[in-house]
Structure formats: C-alpha cells, structure tokens
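For reference, the chains in residue letters:
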Amino acid sequence: DVDKSELFKPEIREAIDAHIAKYPPEWKQSAVMPALSIVQDANGGWLTTELMDDVAAYLDMPAVSVYEVATFYGMYDLEPQGRHKVCVCNSISCMLNGSEELIEHVEHKYGVKVGETTADGRFTLKEVECLGACRDAPAVLLDKVYHEKLTPEALDKLIDGLE
Ligand code: FES
C-alpha cells in the first residue's frame, strides 16, 4: 500500500522531486542515489525492500536496478542501524595511517564488531571504502561529517559526544 509508505509522505516526495527536477524528464532515474539517501534518512538510516521498491516505482525504473545501487555503495544500509553511524575508511592510505587501530580500538572499547550496533543502540560501526580524504588519513565519516587525522583518543571524544 503506497499510501502507508514513508516515500509518499509529502515532504519526502518533495525532496526527491527537487532532485528529479535537475534532470530532463526522461532521465529521472538519475535521481536514484539522492532518492535512496532521502528515504534512508527518513527511515532511521536503513532501507527496506519495500522502500527500494517504492523508489523504483517513483523513478520508473526496475527494482533490481535500485537494489544494485543500494548494495554497491557503502552509504546505503539494508539492515537496522544504530542512532549514529561511525564509518571508518579502511582503504590503503587510511590503513597505512592507522585505520585498523581505530577499528580495533572501537571494537574493543565499545564491544562491537564491524557491521554491528552497540547494545544501547548508540552507533553502528562500519568499515567503508576511500572517503576521498586520503591526504588527511585516517578518515572517519560520523553520520555525515568528515573527521580526519584521527587518533583513537580523538575518535573516543567524538563517540562520547553522541547521544
Ligand atoms: Fe581513506 Fe582515501 S584511503 S580517505
């Protein structure tokens, strides 16, 4: 029932429409990535199959193409997430500059493995591909904000500040 879907709340539809408007009408599928981000944010940080189907219907594209986008890019999650996402880059520059220590530190201190959420639901620990901040490695994306040249202590401070 599309009326019950998050996607069809007017504010969600308007936000997606603003992206669709950037492309010629026959290219509205080009808005798939922002559309998925909007729907994911409105759903507590993750995408259900139903929501991806709604996005596909809204953009007149095959559902399988939407699933492909959602599974290819690390910024989409297909399982329930914590209130925050701590995404540690583990590509080469960050790895050479201590990202594995960051991950081990968080795993040990907060009792989560990569891909898991803390017992109190505060955050999900994720390992992601290059965030484009290699010069200031190691980089972490906390929710939507970049933090660079992080030490375990600096990361703790950020995590301590999370609700
Ligand atoms: Fe981590 Fe590029 S390798 S930001």
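All figures in this text were calculated on a predicted structure; none of them were measured in a lab.

Caption draft 1: Summary view of unusual backbone geometry. The amide bond that connects Ala137 to the next residue, Pro138, takes the cis arrangement and shows omega of 0°. If you trace the backbone, Pro138 turns up in the loop between β2 (123–128) and β3 (140–142). Phi at Asp143 takes a positive value of approximately 55°, unusual for a residue other than glycine. Of note, Asp143 is situated in the loop between β3 and β4 (145–147). With a relative accessible area of 31%, Asp143 lands in the partly exposed category. Phi at Lys149 is positive, roughly 50°, even though this residue is not glycine.

Caption draft 2: Representation of the domain arrangement of the protein chain within the structure. Under the domain assignment used here, the protein chain contains domain 1 (2–72) and domain 2 (84–160). The C-alpha centroid of domain 2 is placed 28 Å from the C-alpha centroid of domain 1.

Caption draft 3: Highlighting helix α6 (residues 99–110). Taking 1.5 Å as the rise per residue, α6 with 12 residues should run 16 Å; its terminal C-alpha atoms sit 16 Å apart, in good agreement. The complete set of buried residues in α6 reads Ser99, Leu102, Ile103, Val106, Glu107 and Tyr110. End-on, the buried residues of α6 take up no more than an arc of 130°, which puts them together on one face. Every exposed residue of α6 that faces more than 90 degrees away from the buried side is listed here: Glu101, Glu104 and His108. On its buried side, α6 packs onto β1 (84–89), α5 (92–96), β2, β3 and α7 (152–160). Directly beyond the C-terminal end of α6, a positive phi value near 65° is found at Gly111.

Caption draft 4: Structural view of the pattern of salt bridges. Under the defined criterion, the tally for this structure stands at 7 salt bridges. The salt bridge partner of Lys28 is Asp60, with a shortest N-O separation of 3.1 Å. Within this pair, whereas Lys28 is found in the loop between α1 (10–20) and α2 (32–42), its partner Asp60 is found in the loop between α3 (49–58) and α4 (63–72), the two being separated by 32 residues in sequence. Its relative accessible area of 22% is what places Lys28 among the partly exposed residues. In this structure, Lys85 and Asp77 form a salt bridge, with 2.7 Å as the shortest nitrogen-oxygen distance. On the basis of relative accessibility, which here comes to 9%, the residue Asp77 falls in the buried class.

Caption draft 5: Region of interest: the packing of aromatic side chains. Enumeration according to the criterion identifies 2 aromatic pairs in this entry. Consider the rings of Phe72 and Tyr73, whose centres lie 4.9 Å apart with planes at 85°: the pair is edge-to-face. Since its relative accessible area comes to 64%, Phe72 is described here as exposed. With 5.4 Å between their ring centres and 80° between their planes, Tyr110 and Phe123 make a pair best called edge-to-face. One end of the pair, Tyr110, is in helix α6; the other, Phe123, is in strand β2, and 13 residues separate them in sequence.

Criteria and thresholds
- Residues numbered from 1 in each chain as written.
- Predicted model: local features only at pLDDT ≥ 70, side-chain atom pairs only at ≥ 80, totals over all residues.
- Heavy atoms only, no water.
- Helix = DSSP H or I, 4+ residues; strand = E, 2+ residues; numbered from the N terminus.
- Buried < 20%, exposed > 50% of the residue type's maximum accessible area, 1.4 Å probe, protein only.
- Domains from an automatic or database assignment.
- Expected span 1.5 Å × (residues − 1).
- Arc of directions from axis to C-beta.
- Contact = heavy atoms within 4.5 Å.
- Salt bridge = Lys/Arg side-chain N within 4 Å of Asp/Glu carboxyl O.
- Phe/Tyr/Trp six-rings, centres within 6.5 Å; stacked < 30°, edge-to-face > 60°.

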